[in-house]
Amino acid sequence: MMTGLQANHFNAGYPRKKIITDLSIPGLSRGEITVLLGPNGSGKSTLLRSFAGLNHATGELLLDGQDLMKQPFAQRAKSVVYLPQSLPAGVHLHVLESIVVAQRASGGSYTEKGETEVMALLQQLGISHLALSYLDQLSGGQKQLVGLAQSLIRQPSLLLLDEPLSALDLNYQFHVMDLVRKETVKRNIITVVVVHDINIALHHADHVLMLQNGNLIADGKPDEVITPESLAQVYGVRGRIERCSQGRPQVLIDGLVERPIY
Ligand SMILES: Nc1ncnc2c1ncn2[C@@H]1O[C@H](COP(=O)(O)OP(=O)(O)OP(=O)(O)O)[C@@H](O)[C@H]1O
């Protein structure tokens, strides 16, 4: 049986607006982080939400050979977790309660072992001191970390994170991507993360997908996908790939291409 995630002739969008058309992804492996890149409005959130069954979509979406599109929503929600760009506002629960609710939503029950697991996760994320704080009293970055804890505790096979770093400082961005990597490997799950920072993708991704106008225009290893040519074509910028002192590639942007594509 083929393990991992595969999409065939996948279409997604809104009642009067097709966004993703005839997209095929040959394979995203378990134990790997895939970063989904693309300009604003290119369809990244639409694609992630439709993988989670939250948007209208057609086509085939195979998780370990099983077509998620044929599963009832409740069944799909046991293996696929989508973390939106921001948590819903006005939820008057404290952090611990909100994570217990997430755990129960996936069929888990709050046992002593479960409680130890929740506290260990909060500790790893550096937010155990916030366990009894109310969600609506947290900073944007703290809310993102709680959202990540709620997602991980649900033990998905497919973890979809929509801009989980956008409110985090530089140190936390690295810390969180490191943690996501460890959890992805330890739990042997498929993780797809939307980020805008190309250097985060170069540094942390095993695999990169690049979207433009709802089309998948590149799919491969970070240094195969992130090239001066793709940066010019997709983002309309002139970029160089240089090596930092530790030999890692990083992108430097010199300016816009003369005739921007968009
Ligand atoms: N609920 C909706 N109804 C109709 N059109 C929508 C809806 N949500 C998004 N769109 C449209 O779908 C297209 C893709 O939006 P999407 O949010 O998927 O892009 P994105 O790549 O995630 O963008 P960003 O980087 O800005 O978050 C845009 O043209 C947007 O206007």
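Our subject is the structure that appears above.
In this report, the structure presented in the accompanying data block is examined. Numbering of residues begins from 1 in every chain and follows the order in which that chain's sequence is written. Per-residue local features are limited, in this predicted model, to residues with pLDDT of at least 70; the limit for side-chain atom pairs, both in listing and counting, is 80 or more; totals at the level of whole chains, interfaces and linings are taken over all residues. In computing side-chain properties, one takes all heavy atoms of the structure into account and sets aside hydrogens as well as water.

## Re the pattern of salt bridges
Part 1 of the argument: Only one rule defines a salt bridge in this text: a Lys or Arg side-chain nitrogen within 4 Å of an Asp or Glu carboxyl oxygen. Counted under the stated rule, the structure contains six salt bridges.
Part 2 of the argument: A salt bridge links R181 to D206, with the shortest nitrogen-to-oxygen separation between them at 3.3 Å. Residue R181 is found in helix α6 (residues 170–186), and its partner D206 is found in the loop between α7 (198–204) and β9 (207–212); the two are separated by 25 residues along the sequence.
Part 3 of the argument: A 1.4 Å probe rolled over the protein chains alone gives each residue an accessible area, and that area as a share of the maximum for its type sets the label: buried under 20%, exposed over 50%, partly exposed in between. A residue is classified by how much of its surface remains accessible, and D206, at 24% relative accessible area, is partly exposed.
Part 4 of the argument: Put simply, E183 and K186 hold a salt bridge, and the shortest N to O gap is 3.6 Å. Residue E183 and its partner K186 are located together in helix α6, separated by three residues, close to a single helical turn.
Part 5 of the argument: Under the relative-accessibility criterion, E183 is labelled buried at 2%. Numbering of helices and strands runs from the N terminus; a helix is a DSSP stretch of H or I covering at least four residues, while a strand is a stretch of E covering at least two.

## Some points on the pairing of β9
Part 1 of the argument: Burial runs high along β9: six of the six residues are buried.
Part 2 of the argument: The two faces of β9 match: H207, L209 and L211 on one face and V208, M210 and Q212 on the other face are all buried.
Part 3 of the argument: Strands were regarded as paired on the criterion that DSSP finds at least two bridges between them. Pairing of strand β3 (residues 32–37) with β9, which is carried by four bridges, proceeds in the parallel orientation. By the bridge assignment, L36 is partnered in β9 with L209.
Part 4 of the argument: Examined bridge by bridge, β9 and strand β10 (residues 215–220) share five bridges and lie antiparallel to one another. Within β10, the residue paired with M210 across the bridge is A218.
Part 5 of the argument: Linkage of β9 to β10, two consecutive antiparallel strands, is achieved through a turn of two residues, within which N213 is found at a positive phi near 45°.

## Things to note about the site of the ligand
Part 1 of the argument: Taken together, 15 residues lie near the ligand, and N40, G41, K44, S45 and T46 sit nearest.
Part 2 of the argument: Polar contact criterion, stated in full: a pair of N or O atoms within 3.5 Å, where within protein one must be able to donate a hydrogen and the other to accept it, and residues adjacent in sequence count only if both atoms are side-chain atoms. A distance of 3.3 Å is found between a nitrogen atom of the ligand and a side-chain nitrogen or oxygen belonging to Y14.
Part 3 of the argument: T46 is positioned such that a nitrogen or oxygen atom in its side chain is 2.5 Å from an oxygen atom of the ligand.
Part 4 of the argument: Counting residues per element, the ones that place at least two in the shell around the ligand are β2 (17–28) and α1 (44–51).
Part 5 of the argument: For the shell around the ligand, the leading source of residues is α1, giving four residues.
Part 6 of the argument: Polar here means any residue other than Ala, Val, Leu, Ile, Met, Phe, Trp, Tyr, Cys and Pro, which are nonpolar, and Asp, Glu, Lys and Arg, which are charged; Gly is therefore polar. Residues belonging to the shell around the ligand are distributed by class as follows: three nonpolar, eight polar and four charged. Throughout this document, a residue counts as near a molecule or strand when at least one of its heavy atoms sits within 4 Å of that molecule or strand.

## Section: the environment of G4
Part 1 of the argument: When you line up the elements, G4 lands in the segment before β1 (5–14).
Part 2 of the argument: Taking relative accessible area as the criterion, G4 reaches 1% and is therefore assigned buried.
Part 3 of the argument: Spatially, the C-alpha atoms of G4 and M119 are 30 Å apart, while their sequence positions differ by 115 residues.
Part 4 of the argument: When near neighbours in sequence (up to four residues on either side) are disregarded, G4 contacts L28, R30, L62, L63, D64 and I190. Should any heavy atoms of two residues lie within 4.5 Å, those residues are counted as being in contact.

## Quick look at the sheet that holds β9
Part 1 of the argument: An order of β6-β7-β8-β3-β9-β10 is seen for the six strands of this open sheet, with the pairing classed as mixed. Where the open sheet ends on each side, the last strands, each with one partner, are β6 (80–83) and β10. The sheet shows a mean angle of 15° between the axes of neighbouring strands, taken without regard to direction.
Part 2 of the argument: One ladder, built from five bridges, connects strand β7 (residues 158–162) with strand β8 (residues 190–194); its direction is parallel. Paired with L159 across the bridge in β8 is T191. Lines are fitted to the C-alpha atoms to define the axes, a helix being fitted only along its stretch in contact, and any angle between axes, read from their N-to-C directions, falls within 0 to 180 degrees.

## Looking at the packing of helix α5 (residues 140–153) against α6
In a packed pair of helices, the relevant descriptors are the angle between the two axes and the axis-to-axis distance.
Part 1 of the argument: Closest axis-to-axis distance for the α5/α6 pair is 12 Å, and the angle between their directions is 0°. In terms of their interaxial angle, α5 and α6 are classed as roughly parallel. On α6, the residues touching L145, L148 and L152 of α5 are Y172, V176, V180 and E183.
Part 2 of the argument: Classifying every residue of the contact of α5 with α6 gives six nonpolar, no polar and one charged. Orientation categories follow fixed angle ranges, with anything under 35 degrees roughly parallel, anything over 145 roughly antiparallel, 65 to 115 roughly perpendicular, and all other angles oblique.

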